[in-house]
Each structure stands twice: as structure tokens, then as C-alpha cells.
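Next come the chains, spelled out residue by residue.
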Amino acid sequence: MFNAASVPSYSPSLSSFSSSSVDDSPLSRYGWTTEHAELFAPLAEAGLLPARIVRVDRGQCDAVLADPETGELRTVRLDTRPVGDADMINCPCTGDWAAADLHARPMASVVALLPRSTAIIRKVAGKRSDGQVLAANVDTVLIAASLAADPDLGRIERFLALAWESGAEPLVVLTKADLVDDAEFIRADVEAVAPGVTVLVVSAETGEGIDVLRACAPGTTVVIGQSGVGKSTLTNALVGSEVMAVQEARSVDQKGRHTTTTRELTALPGGGVLIGTPGLREVGLYGGEGVDLAFADIAELAEECRFHDCNHHTEPGCAVRAALADGTLPQRRMDSYLKLQRENEWIASRSDARVAKARLNKWKAITKSMRAAGGPVKR
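Residues numbered from 1 in each chain as written. Predicted model: local features only at pLDDT ≥ 70, side-chain atom pairs only at ≥ 80, totals over all residues. Heavy atoms only, no water.

A few words now on the overall build of the protein chain. Tallying secondary structure elements over the protein chain gives 9 helices and 13 strands in all. Taken over 379 residues, the protein chain has a buried fraction of 47%. Partitioning the intrachain contacts of the protein chain with sequence separation of at least 6 by distance along the chain shows that 64% fall at a separation of at least 24. Accessible surface, the protein chain: about 19200 Å² in total, of which carbon and sulfur atoms supply 50%. (Helix = DSSP H or I, 4+ residues; strand = E, 2+ residues; numbered from the N terminus. Buried < 20%, exposed > 50% of the residue type's maximum accessible area, 1.4 Å probe, protein only. Contact = heavy atoms within 4.5 Å. Areas by Shrake-Rupley, 256 points an atom, 1.4 Å probe, with all protein chains shown as cover.)

Rendered as C-alpha cells:
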């Protein structure tokens, strides 16, 4: 993907990206750290500039970087095709730290990506089992749900599994508190399905809870949720200006339209950055341990089962079934847990099949090549 020898030798301000001056770098406002500087050192020596991707379009992206002449932040348009031949998970996405070659022709290009610290990956829509990255290098996943309608607890659980799997910290935010009188009761219901997760009640209309939310979401925060829950309005409240278009949700069922059509990163006035996302109709999981973390209460109960490999069906001494029987564990939550587990198992089986197929194709190619050369074929 990256060949230093092929990059022109120019380095107008490499010292500004050294680990000793990270705090002084204008990119620190966008999350640039000493660790990033150390990882980027070989790329900087090749004359490349660090940039954070703020928006991705087909084959191109907008990225913010420090101007090599003035040192001031500016947004540039970059060609992502040099690294765009990878699979969907490894393609450039919003939040990525990229190595930019401003001298590339016919246009400035992304030459390489730094390793991601976290990544929100969902299964693509439909019956395919491929993954799609929604945002990269995120510290907090803000799960927005509207109080204007009864929150879908099962969907919140699904979002929580997605967030935990990313490696970032989940945060549930109940929006439109100005429209209801029982916000605290609803928060208690949501807290019951979000063990270990902070649940906030806010209103962008009145400003209730916004300051607390700012304090709970330092660094890079991505906002996810269904259309109509107030993600764009919440983003505008946090940024302090109208950076996102807003549409009213339908009064009949409080469902919204896709106001936001792309994932875009915006700097916050008090520090940190926010990634806004379109409404998610489908939230397919992409495997991993996110489900177990989202259902930590069930995992804790399972530790008390008589048998360590208990399936929670007919085994004697099952603590999970005992909790279901006495009402400690709601049947709805158990059903949700089992459903998400089945999805994970399906994704795992499909992934294994893809790996096996890729391995088979590799050896077919090697065998064909060796036979054509008249040599022996060894595995």
C-alpha cells in the first residue's frame, strides 16, 4: 500500500509533527497525539503530511491538515483511490488518520492510513455478511434515542452491542426531554438495559443536560441512532451553530427522514470533535464480544450456573432460568440477547467460509503457477 521510495522528497515542516511538539500542533484540536506522531514518523520522513478525514465521497475525501507553509489548519480534497482497492473495512472512512501526498498527480492523494484505535463496524444491509466501517478512531459512541416516543429497548441494546464491539465507550442520550413529563422514569427503564453505561436526559430546545453531555464526551464522539431522534439538532447544540440541516419528525409516529446523508466530522468549540451520521435503519452486528458486554447482567448470571457450558435451556442449576422465573431477568431481554447471539454466530460462520474460500483460491493460484513453471507444488 505504501512505498516510501515512490514518494517525492519534500518535508517543509516535519518538526511540527514530532512527538516532542504534539501539544503545539494545530492538529491536536482534532485528536493528534504523541502515539500518532510516533506511528507517523516513517511517513513524515517520506514527505507525507498527517491529515484527519472529515468526510468521504466516492473515490475522494475532505481532510483537515496543517498547511506545510503556514502551519494553519486547512481542509483539502484528496483522492482515496490509491488505498481504495482494499475491502470495505480497510477503505478510508470518516475519522481515519491519513498520510497525504499533496504533490501527487493528477490530484493530492491519500497514500496510507494509520492503524485505527477503534472502529464502528456494522454488517452491510441485506443478506451479505460483509462489514462496513461507520467511523474510525472514536472515543465515545453517543447513542441517541428520542423521548417523544417510547424508546425501543431492543434497538438500544443492539446499538450498545455495536458500540462495545468498536472498542469505544458507549453513552446513551435521551433527547427531546422538553416533550415529556416522565423523562426520569424512562431513563430508569433504559438504564436497566444498559449496565455500566451512562444514560443522560437532554433537550437541545431548552439546553437541559447539554453542558453535562459536553463533559461526558471528550475526544472524538460519533452520534448514531435512527432518523428523527434529533441527532442533527443535538449536533448543532454541541457545536454551537447550525452545521447540520434539521427536519421535523412526523407528528403521527415521530419517525424522521434522512436529513443527514453522509458521515461528517466537525470540531467542537471547547475541544474535541463530533462525527454526525445518517439515521441507521438496519443495525446488523459484525461479530465479536459486543453482545456479551452489552448483556453483562446475563453474563454475570451465567457465572452462577452449575455447569460452565450451560445453554440455559433444561440444565439443572441454571441461574439464568432462575432469574427468568422470578422476574429478575425480563424475558424480553433474554430473547434480545439470544437473537443477537444467533446473528453473531451466523456472521462468524460466513466469515470462516470467506477465509476458507480465500485460502483455497490462493492455493489454486499457486498450484496453477507452479505447474506452468514445471515445478513441484508443496503446501
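Next up on the list: the pattern of salt bridges. Close approach of charged atoms allows side chains of opposite charge to pair. Following the criterion strictly, the structure yields 13 salt bridges and no others. Ionic pairing is found between Arg 187 and Glu 184, a salt bridge with its closest N-O pair at 2.5 Å. In this pair, Arg 187 and Glu 184 are both assigned in helix H3 (residues 183-192), 3 residues apart and thus about one turn of the helix distant. Each member of the salt-bridge network shares a partner with another, and the members are Arg 55, Asp 57, Asp 62, Arg 77 and Glu 264. (Salt bridge = Lys/Arg side-chain N within 4 Å of Asp/Glu carboxyl O.)

On to the side chain of Ser 109. Relative to the assigned elements, Ser 109 resides in strand S5 (residues 109-113). Within the local environment of Ser 109, its side chain forms a polar contact with the backbone oxygen of Met 107, the two atoms lying 3.0 Å apart. Beyond its immediate chain neighbours, meaning those up to four positions away, Ser 109 contacts Leu 78, Asp 79, Pro 82, Ala 99, Ala 100, Asp 101 and Ala 104. (Polar contact = N/O pair within 3.5 Å; in protein donor to acceptor, adjacent residues only side chain to side chain.)

Time to look at the pairing of S5. Buried residues dominate S5, accounting for 4 of its 5 residues. Two strands pair when backbone bridges link them, and strand S4 (residues 97-101) and S5 are joined in this way by 4 bridges, in the antiparallel orientation. When the bridges of S5 are listed, Ala 98 appears paired with Leu 113. (Pairing = 2+ DSSP bridges.)

Moving on to H3. Three or more residues of H3 are buried, namely Ala 183, Ile 186 and Val 190. The arc enclosing the buried residues of H3, seen along the axis, measures out at 65 degrees, which places them on a common side. Looking at H3, the residues exposed on the side facing more than 90 degrees away from the buried face are Phe 185 and Ala 192. (Arc of directions from axis to C-beta.)

Counting across every chain of the model gives 3 aromatic pairs. Between Trp 32 and Phe 40 the ring centres are 5.9 Å apart and the planes differ by 75 degrees, which places this aromatic pair in the edge-to-face class. A residue is classified by how much of its surface remains accessible, and Trp 32, at 3% relative accessible area, is buried. (Phe/Tyr/Trp six-rings, centres within 6.5 Å; stacked < 30°, edge-to-face > 60°.)

Applying the stated criterion across every chain, the model contains 0 disulfides. The thiol of Cys 305 is unpaired, and the distance to the nearest cysteine sulfur, on Cys 318, comes to 4.0 Å. (Disulfide = S-S within 2.5 Å.)

The biggest cluster of nonpolar side chains holds 66 residues, and the ones touching the most others in it are Val 141, Leu 160 and Leu 174. Here this core takes 7 residues from helix H2 (residues 153-166), the largest share from any one element. Non-local contacts of Val 141, meaning those with residues more than four positions away in its chain, are made with Ile 120, Ala 163, Ser 166, Ala 168, Glu 169, Pro 170, Leu 171, Val 222 and Ile 224. (Core = buried A, V, L, I, M, F, W, Y, C linked by side-chain atoms within 4.5 Å.)

The next subject is the environment of Trp 164. Mapped onto the fold, Trp 164 is located in helix H2. Exposure remark for Trp 164: the relative accessible area of 19% places this residue in the buried category. Residue contacts for Trp 164: discarding those within four places in its chain leaves Glu 169, Pro 170, Val 197, Gly 290, Leu 293 and Ala 294.

A word on H2. Between the first and last C-alpha of H2 there are 20 Å, a value that for 14 residues agrees with the 20 Å anticipated at 1.5 Å per step. For H2, a buried count of 10 out of 14 residues is recorded, marking the element as mostly surrounded by other parts of the structure. When we look at burial in H2, the residues that qualify are Ile 156, Glu 157, Arg 158, Phe 159, Leu 160, Ala 161, Leu 162, Ala 163, Trp 164 and Ser 166. You can read the cap of H2 off the contacts: a side-chain oxygen lies 3.1 Å from the backbone nitrogen of Gly 154, and it is on Asp 152. Backbone geometry just downstream of H2 places Gly 167 in the positive-phi region, at approximately 95 degrees. (Expected span 1.5 Å × (residues − 1).)

So, on to the confidence of the model for the protein chain. Per-residue pLDDT for the protein chain averages 84, and the proportion of residues at 70 or more is 78%. Taken as a whole, residues 250-254 scores under 50 in pLDDT and shows 6 contacts with residues more than four places along the chain or in a different chain. Across residues 352-356 the pLDDT falls below 50, and counting only partners more than four positions away or on other chains, this stretch makes 3 contacts in the model. (pLDDT = per-residue confidence, 0-100.)

A word on the pairing of strand S6 (residues 119-123). S6 sits mainly inside the fold: 4 of its 5 residues count as buried. Bridge count for S6 against strand S7 (residues 131-136) is 5 bridges, and the pairing is antiparallel. Considered in S7, the bridge of Arg 122 is made with Gln 132.

What follows is about the environment of Glu 345. When you line up the elements, Glu 345 lands in helix H9 (residues 331-373). Note: C-alpha distance between Glu 345 and Gly 288 (57 residues apart in sequence) is 9.5 Å.

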